[in-house]
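# What the coordinates show
For reference, the chains in residue letters:
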Amino acid sequence: EPVLKESDEERYTRLFGLGGDQLVLDQKQETDSASLTLEANYRGVKFTPKYRILDTIGFIVSKLGSPPLDLTVELIEDDAGLPGKNVLRVLTIAKEKISPAAWHYLKIGEDLNTAKSYWIVLRIVGDASNTYRWHYSGAGTSASSADGISWSAGTTGFAFRTYTMTPVLNIVDDLSTPLSKFFREEVIK
């Protein structure tokens, strides 16, 4: 009869735990006491990330009348203190999803350089009666443009949030039993 030998590899038992990703706030300017419309100017707010991965952005916007188009949002690299030509991401929020002043979020998933600054820019849309409003309070680093090319610096503190993502894992505290050498931890996403 053949003799079966069991190797250490064959005796390993897989240990699964709960895990996932958690949003972590990176940059913010959250107050809301006034708003500026988007019918005549692109508007942008500058931020410098602390974390490399930009997972999600949020901002407080509202609808004025019935805008003809969805709200378009751009993530742009800074160029000498103003939005530059390098557009990293262009996303939209359906006009039906925008209501009175509320936080609206977009998934970005962009790898940024923490030594650089970036701009969240909302595009021109509609007319004076049918457009969107970006809410703000106090001072910040902002910019505006009639054509999306030539920018003027401003000090409006537009409301925004940026988030990164960090893994959350449930780790087994003590595997110091004699059998611990037969457990192997693997992270599966």
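Residues numbered from 1 in each chain as written. Predicted model: local features only at pLDDT ≥ 70, side-chain atom pairs only at ≥ 80, totals over all residues. Heavy atoms only, no water.

What follows concerns the overall build of the protein chain. Across its full length, the protein chain carries 1 helix and 13 strands. Sorting the 189 residues of the protein chain into buried and exposed places 32% on the buried side. Of the contacts formed within the protein chain by residues at least 6 apart in sequence, a portion of 78% connects residues at least 24 apart. Within the structure as shown, the protein chain displays about 11100 Å² of accessible surface, and the carbon and sulfur contribution to it stands at 50%. (Helix = DSSP H or I, 4+ residues; strand = E, 2+ residues; numbered from the N terminus. Buried < 20%, exposed > 50% of the residue type's maximum accessible area, 1.4 Å probe, protein only. Contact = heavy atoms within 4.5 Å. Areas by Shrake-Rupley, 256 points an atom, 1.4 Å probe, with all protein chains shown as cover.)

Another aspect to go through is the pattern of salt bridges. Under the criterion given, the structure shown has 8 salt bridges. Across the pair Asp78 and Lys46 runs a salt bridge whose closest N-O atoms are separated by 4.0 Å. Within this pair, whereas Asp78 is found in strand β6 (residues 71–79), its partner Lys46 is found in strand β4 (residues 42–47), the two being separated by 32 residues in sequence. With a relative accessible area of 23%, Asp78 lands in the partly exposed category. Take Lys46: its relative accessible area is 25%, and that puts it in the partly exposed class. (Salt bridge = Lys/Arg side-chain N within 4 Å of Asp/Glu carboxyl O.)

This paragraph deals with the nonpolar core. Formed by 23 residues in total, the largest nonpolar core has its most connected members in Phe59, Leu71 and Ile120. Only β4, β5 (53–64), β6, β8 (102–111), β9 (118–122) and β10 (131–145) provide two or more residues apiece to this core. The residues contacting Ile120, other than those within four sequence positions of it, are Arg43, Gly44, Val45, Phe47, Ile57, Phe59, Val73, Glu74, Trp134, Phe160 and Thr162. Core analysis: the second largest hydrophobic core is formed by 6 residues, Ile76, Trp119, Ala143 and Trp151 among them. (Core = buried A, V, L, I, M, F, W, Y, C linked by side-chain atoms within 4.5 Å.)

This next bit is on the side chain of Ser117. Tracing the chain through its elements places Ser117 in the loop between β8 and β9. Under the relative-accessibility criterion, Ser117 is labelled buried at 15%. Contact partners of Ser117, with chain neighbours within four places excluded, come to Lys46, Phe47, Thr48, Glu77 and Asp78.

Let us look at unusual backbone geometry. Positive phi outside glycine occurs at Ala80, with the angle close to 55°. Within the fold, Ala80 resides in the loop between β6 and β7 (82–93).

Attention now goes to the packing of aromatic side chains. Tallied over the full model, the rule gives 8 aromatic pairs. Ring centres of Phe47 and Tyr118 lie 6.2 Å apart, and the angle between their planes is 35°; on these two criteria the pair is classed as tilted. Here Tyr118 lies in strand β9 and Phe47 lies in strand β4, a separation of 71 residues in the sequence. Taken as a pair, Phe47 and Tyr118 share a single burial class, namely buried. (Phe/Tyr/Trp six-rings, centres within 6.5 Å; stacked < 30°, edge-to-face > 60°.)

Attention shifts here to the pairing of β6. In terms of residue burial, β6 counts as a mostly covered element, since 7 of its 9 residues are buried. Sheet topology places β6 next to β7; 8 bridges connect them, and they run antiparallel. Across the sheet, residue Asp78 finds its bridge partner in β7, namely Pro83. Between the end of β6 and the start of β7, which pair antiparallel, lie 2 residues, with Ala80 showing a positive phi angle near 55°. (Pairing = 2+ DSSP bridges.)

Quick look at the environment of Ser117 now. Sequence spacing of Ser117 and Gly81 is 36 residues, and the spatial spacing of their C-alpha atoms is 8.3 Å. One polar contact links Ser117 to Thr48, side chain to side chain, over a distance of 2.6 Å. (Polar contact = N/O pair within 3.5 Å; in protein donor to acceptor, adjacent residues only side chain to side chain.)

Take the layout of surface pockets next. Of the pockets and cavities examined, the second largest pocket occupies roughly 210 Å³. Lining the second largest pocket are 13 residues, with Gly84, Lys85, Gly148, Ile149 and Trp151 sitting closest to its centre. Contributing elements (two or more residues each) for the lining of the second largest pocket: β6 and β7. For the lining of the second largest pocket, the leading source of residues is β7, giving 5 residues. The residue makeup of the lining of the second largest pocket, split by class, is 7 nonpolar, 2 polar and 4 charged. (1 Å grid on protein atoms, 1.4 Å probe; cavity = no way out; pocket = protein on both sides within 12 Å on 5 of 7 lines; lining within 4 Å. Points joined across faces, edges and corners; volume = space filled by probe spheres on them. Nonpolar A, V, L, I, M, F, W, Y, C, P; charged D, E, K, R; others polar.)

Read these as geometric descriptors, not functional statements.
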